Amino acid sequence: MVQTMSKTSPKICYLDLNIDRIILPLDHNYASTGDLLIKIGDSVYKNQALTKSIKNDNYSISIHSPIDGYISNIDYYPVLNQSSEYKTLAVEIQKAIKDNLIEKIEKSAPVPLIETLDMSHQQLQEKIKQAGIIGLGGAGFPSAQKLVNTKIDKLIINAVECEAPIDVDNCLIQNKAEEIISGIILLKQIYSPNDITIALKSNMLAAKQSLESVINKSSKSIDNLTIKLINNQYPSGYSKSLIKIITNKNINLKQHSSEENIICLNIGTVFAIQQAVYFHQPLIERLVTITGDISQPGNYLLPIGTPIISILKYFNVKLEQVKTKLHSLSIRVGGDFMGVTIFDSQKNNSLEQYYYLNKVGIEKTTQAIHISYKINTVKNHVKPIYNCIRCGLCDQICPINLLPQQLYWHSSNIEDHNKQDLLQQHNIANCIECGLCDSVCPSNIPLAAKFKFTKSKIKLNSNHANRARLAEARNQLQNQRTAIKEQEKYTTSAKIIKSSKKNKKDLLASALKRAQTKKINTNQKSDA
Amino acid sequence: MLLVIVACLPGIMVSCYFYGLGIIINIMISVTASLAIESLCLKLRHKNVLHGLTDLSAIVSAILLALCLPPYFGLSKIIIGAVFAIVVAKHLYGGLGHNIFNPAMVGYLVLLVAFPQDFSNWQLSENINNFTLLDLNIDALSQATPLDPIYSANNNIIITYIINISWLLGGIYLLSRKFIPIALPAGFLAGIFVASSLAYIVNSDLLYNPVQHLFLGSTMMAAFFIITDPVTASTTRKGRWLYSISAGLICFIIREFGGYPDGVGFAVLFMNFLSPLINKITIDKAYVKN
């Protein structure tokens, strides 16, 4: 399953793509995008905000247009990391060249490294939300939420790209080391941690050198900064694993690491924050490693929303010709373990896949695209799935000390509540879907995918259960209210009947009077 | 699974040396019968026959079953045992990975209950005479099963020691290749050791000492090859210790106070009943491993 990585140059390459379309989905993993500010037909310029983030909600961000153009469509599109049946609202922008373009974003001059930050942390949170920054390490957690707790002991900058063939952080450090250090100084003023660690992969020696040269130039205010090289073992890039490697602390898997006063941020996110604060630059592009059997593999700076089909056309990847018996083409987005194969010519639904590729684009959390042509040998053939033989290899390799064979055993009948309780007891919620159990299974069972599905099912069931409970509570309250009303009605009517027994005539007279006044009133109304 | 067969070889060779070619004949009959029955079952269940046979699980259980039986046991009886092991204990419960009971032990116990008199027919081969160098006096050439601790003739104990040491070597090879978890064999041996030492403290002249107990009968074979069946043993880390220590204790109790020869078969089957429960009550806490 491990694919060979072709050598990528450390320089940032730019795709001379002439992108004509951008597809921006409004749905992210954790973050919501707020209300739309534009409608179909509006013209937009580069860096214009398309949605408005909600003020006090740290999980809400804005998204921005990476090109000049006009909004061509707002409709339901599929999303890159999900199956093609999942559709979410997305904005499609067509490129248009404008003559009277007003550059509304002013770029200030490059600032020196040492500068005091004159904004409070709430202001920084708003700035980050308005720039649309989410975690660029792959999960996409909204970065504003990480600034809630500012009493931090340890700040860890995560540049351990543990999945091959992702190489973006390495490239970013070698080319933008000054901006990264400036961003770290900025964060230091907000968090004032006791020490800061930059965690690099053990073979990122050139990156370490570039960082050190920048630090040596300005050694004044970054004295508690250390650079640590981490052994390249998957999944050491997972934040809780990394925290354990660096600080030897066991973070409770149900909590966020900020409750132990440790914050872990991806280095790409730090760069984006620095660009947002100093240059008011929102997040509209990111580095993506494109490798495989293509002419120029490398790290490319792509606008977010670039359609995948445009990238394939640039690299002359022909999707139609590969339906031969000898070769098969597969396109994988993401790393070896956690990536998703978005095109596989061995499957028979090529028309569906082609449609899918036309409709999806790069997202903020996309790290790598791997395009590989394989010769159809027995080894590369799609392996059939057999029964679990309970060998226990998956149990030995799980980094979270879970028991995948038991989780698989119990996830066969999800609707059963006993099974759900058992799964909760086995801590299925802590599974990080790293895919290590998949890679060792001798029966080729797709375990990580099964656990992903099971977790979403459990969440759905618990949502149903919660809603059912709320509905029942509401129903009970409603019943109580109607009972009280009935009671009151009964007592008042009883009173009336009681009193009427005494002086019926009076009642009748008063009723007649009321009817007469009503009639006069209606006559008056009709006259007027 | 090929590793397991390779690790069995020292034990098989030493047993052949002492008990003659009957052991090899048993193994051959058992393996052929098991392969035939297994392919028939897989075909009837519409599964891929080649894949089911190439993981060699049927061969391993056939070998283990054959080693529990006396030499020259009889063709039809071995086939009956294999049928019970493969069809009833394995496929009727769902095939490889889903069986609750250890197939080799089920086959062995069915034969034990059905043909009890045939189990007292262990004939030693003439190689015994080589051991006169150690000045042993061998009274009789036939004895009860090697699964039966030999209380009567102290001299024949050397044979069981040597056989057990050869199984131990095979087991250590498996451990070094990390094919079996350390908890299962270590717990089993610990269980037997503790139980036998307690009994020895109480009554030291009638019983063997604890260390001797570890090399008696088929303890080593059971510890490394029978208890360690991954499908039927417990899967949690703490659960494995609980499973194997209890199996060791029960095995000792059956040996001492029970009427059957070596208590491994019943002890393993008893713990197989309990392993789903053990799995449930010993769920590990989730934490990030280094």
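Residues numbered from 1 in each chain as written. Chains lettered and ligands numbered in written order. Predicted model: local features only at pLDDT ≥ 70, side-chain atom pairs only at ≥ 80, totals over all residues. Heavy atoms only, no water.

Engineer: Give me the lowdown on the overall build of chain A, citing residues and values where you can.
Structural biologist: Tallying secondary structure elements over chain A gives 14 helices and 16 strands in all. Taking the contacts inside chain A whose residues are at least 6 apart along the sequence as the reference set, 72% of them involve residues at least 24 apart. Carbon and sulfur atoms make up 51% of the accessible area of chain A, which amounts to about 28,000 Å² in all. (Helix = DSSP H or I, 4+ residues; strand = E, 2+ residues; numbered from the N terminus. Contact = heavy atoms within 4.5 Å. Areas by Shrake-Rupley, 256 points an atom, 1.4 Å probe, with all protein chains shown as cover.)

Engineer: Could you give me a rundown of the environment of Ile80(B), with the residues and numbers involved?
Structural biologist: Residue and element names in this part refer to chain B. In this structure, Ile80 sits in helix α5 (residues 75–91). Accessibility expressed as a relative area gives 36% for Ile80, which makes it partly exposed. Along the backbone, Ile80 and Leu111 are 31 residues apart, and their C-alpha atoms lie at a distance of 7.9 Å. (Buried < 20%, exposed > 50% of the residue type's maximum accessible area, 1.4 Å probe, protein only.)

Engineer: Can you explain the pairing of strand β14 (residues 327–333) of chain A? Please cite residues and give values.
Structural biologist: All names here are of chain A. The buried count for β14 comes to six of seven residues, which makes it a mostly enclosed element. In this sheet, strand β16 (residues 368–375) lies alongside β14 in antiparallel orientation, the contact comprising seven bridges. Bridge pairing in β16 links Ile331 to Ile371. Summarising the sheet, β14 and strand β15 (residues 340–344) pair through four bridges and their orientation is antiparallel. From the neighbouring strand, Val333 faces β15, where its bridge partner is Val340. As consecutive antiparallel partners, β14 and β15 are separated by six residues, and within that stretch Gly334 has a phi angle of approximately 110 degrees, a positive value. (Pairing = 2+ DSSP bridges.)

Engineer: Before we move on, can you summarise the pairing of β16(A) with the specific residues and values?
Structural biologist: Bridging between strand β12 (residues 285–292) of chain A and β16(A) involves four bridges; their strand directions are parallel. For Ile290(A), the partnering residue across the bridge sits in β16(A) and is Ile369(A).

Engineer: So what about helix α1 (residues 121–130) of chain A? Which residues, and what values?
Structural biologist: All names here are of chain A. Buried within α1 we find Leu124, Gln125, Glu126, Ile128 and Lys129. Here the buried face of α1 lies against α3 (177–191) and α6 (267–279). Following α1 by one or two positions, Gly132 has its phi on the positive side, about 70 degrees.

Engineer: I'd love a proper account of a nonpolar patch on the surface, names of residues and values included.
Structural biologist: A surface patch of nonpolar side chains, amounting to about 600 Å² of accessible area, comprises Leu242(B), Phe270(B), Phe273(B), Leu274(B), Leu277(B) and Ile281(B). Top element by residues in the nonpolar patch is helix α12 (residues 264–281) of chain B. It accounts for five residues. (Patch = residues over 30% accessible without salt bridge, like charges linked within 9 Å, V, L, I, M, F, W, Y side chains within 5 Å. Salt bridge = Lys/Arg side-chain N within 4 Å of Asp/Glu carboxyl O.)

Engineer: Break down unusual backbone geometry for me, with residues and values.
Structural biologist: For the bond from Ala164(A) to Pro165(A), the omega torsion is -5 degrees, close enough to zero to count as cis. With respect to the helices and strands, Pro165(A) occurs in the loop between β8 (154–159) and α2 (168–175). In this structure, Pro235(A) follows Tyr234(A) across a cis peptide bond, with omega equal to -5 degrees. In this structure, Asn427(A) is a non-glycine residue whose phi angle is positive, near 65 degrees. Assignment of secondary structure puts Asn427(A) in the loop between α11 (417–425) and α12 (436–440). Residue classification places Asn427(A) among the buried positions, given a relative accessible area of 15%. Even without a glycine there, the phi angle at His46(B) is positive, about 60 degrees.

Engineer: A description of the interface of chain B and chain A should follow, citing residues and the corresponding values.
Structural biologist: Contacts between chain B and chain A engage 22 residues on the former and 30 residues on the latter. Regarding the contact of chain B and chain A, the summed buried area is about 2,300 Å², with carbon and sulfur atoms giving 49% of it. Summed over the shared surface of chain B and chain A, the number is one salt bridge. Across the pair Arg237(B) and Asp395(A) runs a salt bridge whose closest N-O atoms are separated by 2.7 Å. In this assembly, chain B and chain A are joined by two residue pairs in polar contact (both at pLDDT 80 or more). (Buried area = accessible area lost by both parts, 1.4 Å probe. Polar contact = N/O pair within 3.5 Å; in protein donor to acceptor, adjacent residues only side chain to side chain.)

Engineer: Tell me about the packing of helix α2 (residues 22–44) of chain B against α5(B), residues and numbers included.
Structural biologist: Residue and element names in this part refer to chain B. Interhelical geometry of α2 versus α5 gives an angle of 40 degrees and a closest axis separation of 9 Å. By the angle between their directions, the pair α2 and α5 is classed as oblique. For the element pair α2 and α5, the recorded crossing hand is right-handed. Contacts between α2 and α5 pair Asn26, Ile29, Ser30, Ala33, Ser34, Ile37, Glu38, Cys41 and Leu42 from the former with Leu75, Ile78, Ile79, Ala82, Val83, Ile86, Val87, Lys90 and His91 from the latter. For the contact of α2 with α5, a count of residues per class yields twelve nonpolar, four polar and two charged. (Axes fitted to C-alpha atoms, helices over the stretch in contact; angles between N-to-C directions. Parallel < 35°, antiparallel > 145°, perpendicular 65-115°, else oblique. Left-handed = near helix turned anticlockwise from the far one by under 90°. Nonpolar A, V, L, I, M, F, W, Y, C, P; charged D, E, K, R; others polar.)

Engineer: Could you give an account of the confidence of the model for chain B, with specific residues and numbers?
Structural biologist: Model confidence for chain B is summarised by a mean pLDDT of 83, while 86% of its residues fall at 70 or above. Confidence drops under a pLDDT of 50 for residues 132–154 of chain B, and excluding neighbours within four residues, the segment shows 41 contacts in the predicted structure. (pLDDT = per-residue confidence, 0-100.)

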